[in-house]
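Structural characterization, general
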Amino acid sequence: MQLVRGLHNLQPQARGCVVTIGNFDGVHRGHQAILARLRERAAELAVPSCVVIFEPQPREFFGPDTAPARLTRLRDKLALLAAEGVDLVLCLAFNRRLRELSAAEFVQRVLVDGLGVKDLEIGDDFRFGCDRAGDFEFLKAAGQRYGFSVDASTTVEVLGGRVSSTRVRQALADGDFELAEALLGRPFRIAGRVLHGQKLGRQLDAPTANVQLKRRKVPLTGVYLVSCEIDGVIQPGVANIGVRPSVAGDGRAHLEVHLLDFAGDLYGRRLSVAFHHKLRDEQRFASLEALKAAIAADIAAAREYWQSHPLMKSPK
């Protein structure tokens, strides 16, 4: 898969493609249905498939403090899109210049002049352009004018409701990982590089891998039963994700993972942490001894859980 950052970097061979547009946060089963249709139409027309995304995501541009937590960072989103067979991702910087483009200018500059779109696969509730003036009907009319087809994606429902990134976030907030996995089509994961931390876990008899988050917000907080695949082996563990209220810190969220019966060196490695079950909320303890006792109880609960729920290798 090819990543192109900005219209100015598009090469002539990228023109004449089948296109879809959106945030694709989480690349959940609803997104997967759109991408399956995108692949199908690209094969029918014998042209490349293209996904247009934005960085930052529009809601992050308009309200960075109120925008919802991302399910996937850009790096992970690109990996998921590649796994879905996308040929090209055009990543547009969502800035003031892009925000002020009218719907007509967006169609002209991005879809027609930039990508030479042949077919557009889009949700019938999609809105775009300055003040969100463009909609599905606008695109249908533009397609007739410029000679490209426009198809509406069908809504995907799972367990009685529409699949959406918002519903995935709510499932994670509720600790409903069965629902989250059903909506995503895979366990929810957070990936990052293992960094050197305060090494407090060693003093608490629970050495942890400090996984770099690189996120303004996280979609879940608390203590969880997790697993990581390391050198082809699934390693069960327990993790805390949050601001660590019992330890003096920087106020940012951290992900610390303790893998049961694992003693290898993980520093510098990229770890993908799959979340399976919530043990408890994050809480503040009055002393390190109280924190140490709580961590020991969490590890004991993790051992008991994994003994009765043996891990099998999950699909990618």
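Residues numbered from 1 in each chain as written. Predicted model: local features only at pLDDT ≥ 70, side-chain atom pairs only at ≥ 80, totals over all residues. Heavy atoms only, no water.

**Overview of the overall build of the chain**
Which entries qualify depends on this criterion: The helix count covers DSSP runs of H or I at least four residues long, the strand count covers runs of E at least two residues long, and both are numbered beginning at the N terminus. Only protein chains enter the accessibility calculation, which uses a 1.4 Å probe. A residue is then buried if its area is under 20% of the maximum for its type, exposed if over 50%, and partly exposed in between. Contact between two residues is taken to exist if any of their heavy atoms lie within 4.5 Å; hydrogens are not considered. All accessible areas in this document rest on Shrake-Rupley with a 1.4 Å probe, and a residue is counted as covered only by the protein chains that are shown. Note that His is not counted, nor are the chain ends; the positive residues are Lys and Arg, and the negative ones are Asp and Glu. Where a charge lies is defined by one atom per residue type, namely NZ (Lys), CZ (Arg), CG (Asp) and CD (Glu).
Along the chain, the regular secondary structure elements total ten helices and 14 strands. For the C-alpha atoms alone, the extent of the chain along its principal axes is close to 70 × 40 × 35 Å. Taking all 316 residues of the chain together, the buried fraction comes to 49%. Residue pairs at least 24 apart in sequence account for 73% of intrachain contacts in the chain once pairs closer than 6 positions are excluded. Total accessible area on the chain stands at roughly 15,800 Å², and carbon and sulfur atoms take up 49% of it. Of the charged side chains in the chain, 43 are positive and 37 negative, and the gap between their average positions amounts to 5 Å.

**With respect to the pattern of salt bridges**
The condition is simple: Here, a salt bridge means any side-chain nitrogen of Lys or Arg that lies within 4 Å of a carboxyl oxygen of Asp or Glu.
Going through the model one piece at a time under the given rule, you end up with 19 salt bridges. A salt bridge links Glu-121 to Arg-37, with the nearest nitrogen and oxygen atoms 3.6 Å apart. Placement of the pair is Glu-121 in strand S5 (residues 119–123) and Arg-37 in helix H1 (residues 29–45), with a sequence separation of 84 residues. With relative accessibility at 2%, the residue Glu-121 sits in the buried group.

**Some remarks on a negative patch on the surface**
Counted only if it meets this: Patches in this entry comprise residues that are over 30% relatively accessible and not in a salt bridge; like charges within 9 Å are linked, as are nonpolar side chains (Val, Leu, Ile, Met, Phe, Trp, Tyr) within 5 Å.
Together, Asp-174, Asp-176, Glu-178 and Glu-181 line one region of the surface with negative charge. Relative to the helices and strands, Glu-178 resides in helix H8 (residues 177–184).

**Thoughts on the sheet that holds strand S12 (residues 233–242)**
Quick reminder of the rule: Pairing between strands is defined by DSSP: at least two bridges between the two strands are required. Geometry is summarised by axes, namely lines fitted to C-alpha atoms with helices restricted to the contacting stretch, and by angles between N-to-C directions that run from 0 to 180 degrees.
One closed barrel holds the six strands; their spatial order is S9-S10-S13-S12-S11-S14, and the pairing between them is antiparallel. Direction aside, the axes of adjacent strands within the sheet are offset by 45° on average. Pairing of strand S9 (residues 189–195) with strand S10 (residues 209–211), which is carried by two bridges, proceeds in the antiparallel orientation. Paired with Leu-195 across the two strands is Asn-210, which belongs to S10.

**Details of the nonpolar core**
Convention followed: Residues enter a nonpolar core if they are buried and are Ala, Val, Leu, Ile, Met, Phe, Trp, Tyr or Cys, with the set joined through side-chain atoms within 4.5 Å.
In this structure, Leu-220, Ile-241, Leu-255, Val-257 and Phe-275 are the most contacted members of the largest nonpolar core, which totals 33 residues. Put simply, the parts of the chain that give this core at least two residues each are helix H7 (165–173), H8, S9, S10, strand S11 (222–230), S12, strand S13 (254–259) and strand S14 (270–280). Among residues more than four places away in sequence, those in contact with Phe-275 are Phe-177, Phe-188, Ile-190, Leu-220, Tyr-224, Leu-225, Val-226, Ile-241 and Leu-255. Ranked by size, the runner-up nonpolar core spans 32 residues in total, among them Ile-21, Phe-106, Phe-136 and Phe-148.

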